[in-house]
Structures are given as structure tokens and as C-alpha cells.
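# Remarks on the overall topology
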Amino acid sequence: MNMDERIARINALYHKSRNEGLTEEEKEEQARLRKEYVASVRANLRGQLNNITIERPDGSKENLGEKFGNKKHHT
């Protein structure tokens, strides 16, 4: 299931929960899909942040991913 399909399913389950309620299986699926979605967003953001390089006034470049990317992150 790709991300667009996951988002569509999360939204469908949300609307169903508001209108008629969810079964226990659907509640578990909704929680799992939301967790997968959040993990994906965090991983994408972390990947982008790890590829930031800043150029100092003296012309030197510092890769922030190398400097900070290896630290443990709370997930």
C-alpha cells in the first residue's frame, strides 16, 4: 500500500468512525496506519534535515547531517 492509499484509508476510517463507528479490527487498522504514516513523515523530515549544508562567512561548509544526524532521536 503506497502513502496515498494509506492516507485515503485513514481518512475513510475517520469518516466511518464519525458516522457509524468502527469495529475493533478497524480501530486497530486505523491506529497501525496512523503510526506508519507518522513514522514515514518523521523519516522523510529527518532525511531532509540530514542533507542540510550551511556555508559559513569564511566560505567553509558544514554538513549538519554529519554533525547532528548520528545522534539518537526520540521516536
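The structure this text deals with has already been given above.
To keep things clear, this report deals only with the structure shown in the data block. Treat the numbers as computed from the prediction; the structure is a model and nothing was measured.

### Here we look at the overall build of the chain
Of the regular secondary structure elements, the chain holds three helices and two strands. Scanning the chain from its N terminus toward the C terminus, one meets helices and strands in the order α-α-β-β-α. The buried share of the chain, taken over its 75 residues, is 13%. Put simply, of all contacts in the chain between residues at least 6 apart along the chain, 29% involve residues at least 24 apart. With the model as given, the accessible surface of the chain reaches about 6200 Å², and the carbon-plus-sulfur share is 49%. Between the centroid of the 15 positive side chains of the chain and the centroid of its 13 negative side chains there is a distance of 5 Å.

### Regarding helix 1 (residues 3–19)
Helix length check: helix 1, at 17 residues, gives a terminal C-alpha distance of 24 Å against a target of 24 Å (1.5 Å per residue), a fit within 8%. Taking the backbone nitrogen of Asp 4 as reference, a side-chain oxygen 3.0 Å away marks Asn 2 as the first, capping residue of helix 1.

### Observations regarding the pattern of salt bridges
By the definition in use, this model includes six salt bridges. Across the pair Lys 16 and Glu 26 runs a salt bridge whose closest N-O atoms are separated by 2.6 Å. Pair noted here: Lys 16 is in helix 1 and Glu 26 is in helix 2 (residues 24–49), with a separation of 10 residues, a long-range link. For Glu 26, a relative accessible area of 14% puts it in the buried group. One salt bridge in this structure joins Glu 24 and Lys 27, with 3.6 Å as the shortest N-O distance. With Glu 24 and Lys 27 both in helix 2 and three residues apart, the pair spans about one turn of that helix. A network of salt bridges, in which partner residues are shared, links Arg 6, Arg 32 and Glu 36.

### Some thoughts on the side chain of Glu 26
Among the polar contacts made by the side chain of Glu 26, one reaches the side chain of Lys 16 at a distance of 2.6 Å. Sequence-distant contacts of Glu 26, defined by excluding residues within four places in its chain, comprise Leu 13, Lys 16 and Gly 21.

Cut-offs applied
- Residues numbered from 1 in each chain as written.
- Predicted model: local features only at pLDDT ≥ 70, side-chain atom pairs only at ≥ 80, totals over all residues.
- Heavy atoms only, no water.
- Helix = DSSP H or I, 4+ residues; strand = E, 2+ residues; numbered from the N terminus.
- Buried < 20%, exposed > 50% of the residue type's maximum accessible area, 1.4 Å probe, protein only.
- Contact = heavy atoms within 4.5 Å.
- Areas by Shrake-Rupley, 256 points an atom, 1.4 Å probe, with all protein chains shown as cover.
- Lys, Arg positive; Asp, Glu negative; His and termini not counted.
- Charge placed at Lys NZ, Arg CZ, Asp CG, Glu CD.
- Expected span 1.5 Å × (residues − 1).
- Polar contact = N/O pair within 3.5 Å; in protein donor to acceptor, adjacent residues only side chain to side chain.
- Salt bridge = Lys/Arg side-chain N within 4 Å of Asp/Glu carboxyl O.

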